[in-house]
Amino acid sequence: MKIGDLVKWHTENGSVASHRDRADTGIIVDGPRDDSYDLVNAISYAVAWFDAKVTFWHNDSNIEVISENR
């Protein structure tokens, strides 16, 4: 993933997000950032979510690229 990629939210087990955690689309605006702790490797990216109009950091396992920035 890189800045400018269009992404969507997904759960870690690959199932469809619940109504409360509904699928949403956003764009990567910062990252990658190493959020590793206690021997758990985690890379995160800042995502600006279109519907929510906010930006949050998420582990790469929680987001999926829909369209790559060229």
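Structural data are supplied above this passage.
Structural notes, computed from the coordinates. (Residues numbered from 1 in each chain as written. Predicted model: local features only at pLDDT ≥ 70, side-chain atom pairs only at ≥ 80, totals over all residues. Heavy atoms only, no water.)

**A short note on the environment of L6**
As a reminder, the rule being used: By the criteria applied, helices consist of DSSP H or I runs no shorter than four residues and strands consist of E runs no shorter than two, each listed in order from the N terminus. Throughout, a residue-residue contact means that at least one pair of heavy atoms, one from each residue, lies within 4.5 Å.
When you line up the elements, L6 lands in strand 1 (residues 6-9). For the pair L6 and E68, spaced 62 residues apart in sequence, the C-alpha separation works out to 6.4 Å. Those residues within four positions of L6 in sequence are excluded, and the remaining contacts are G26, F50, E64, V65, I66 and S67.

**Quick notes on the nonpolar core**
Basically, it comes down to this: Definition of nonpolar core: a set of buried residues of the types Ala, Val, Leu, Ile, Met, Phe, Trp, Tyr and Cys, connected through side-chain atoms within 4.5 Å. Classification of residues uses two cut-offs on accessible area relative to the type maximum, computed with a 1.4 Å probe and protein chains only: under 20% is buried, over 50% is exposed, and between them is partly exposed.
V7, I28, Y45, V47, W49 and I63 together form the largest nonpolar core, which totals 6 residues. The dominant element in this core, judged by the number of residues it contributes, is strand 3 (residues 43-49), at 3 residues. When near neighbours in sequence (up to four residues on either side) are disregarded, V7 contacts M1, D24, T25, G26, I27, I28, V47, W49, I63, E64, V65 and I66.

**A few points about the sheet that holds strand 5 (residues 63-67)**
Where we set the bar: Two strands are counted as paired when DSSP detects at least two bridges linking them. Angles shown run from 0 to 180 degrees and are taken between the N-to-C directions of axes, each axis being a line fitted to C-alpha atoms and, for helices, limited to the stretch in contact.
Taken in spatial order, the 5 strands line up as 4-3-2-1-5 in an open sheet, and their pairing is antiparallel. The sheet is open, and its two borders are formed by strand 4 (54-59) and strand 5, each paired with just one other strand. Neighbour-to-neighbour, the strand axes of this sheet turn through a mean angle of 45 degrees, independent of strand direction. Examined bridge by bridge, strand 1 and strand 2 (residues 25-34) share 3 bridges and lie antiparallel to one another. Along strand 2, the bridge assignment pairs K8 with T25.

**Digging into the packing of aromatic side chains**
Note the cut-off: Here the aromatic set is Phe, Tyr and Trp, taking the six-membered ring for Trp, and pairing holds for ring centres within 6.5 Å; pairs whose planes are under 30 degrees apart are stacked, those over 60 apart are edge-to-face, and all others are tilted. Whether a charge sits over a ring depends on NZ of Lys or CZ of Arg being within 6 Å of the ring centre and within 35 degrees of the ring normal.
Going through the model one piece at a time under the given rule, you end up with 1 aromatic pair. With centroids separated by 6.4 Å and ring planes inclined at 75 degrees, the aromatic side chains of W9 and W49 adopt a geometry described as edge-to-face. With W9 in strand 1 and W49 in strand 3, this pair connects stretches of sequence that are 40 residues apart. For W9, a relative accessible area of 22% gives the class partly exposed. By relative accessible area, W49 is classed as buried at 8%. One residue, R33, lies across the ring of W57, its end atom 3.9 Å from the ring centre.

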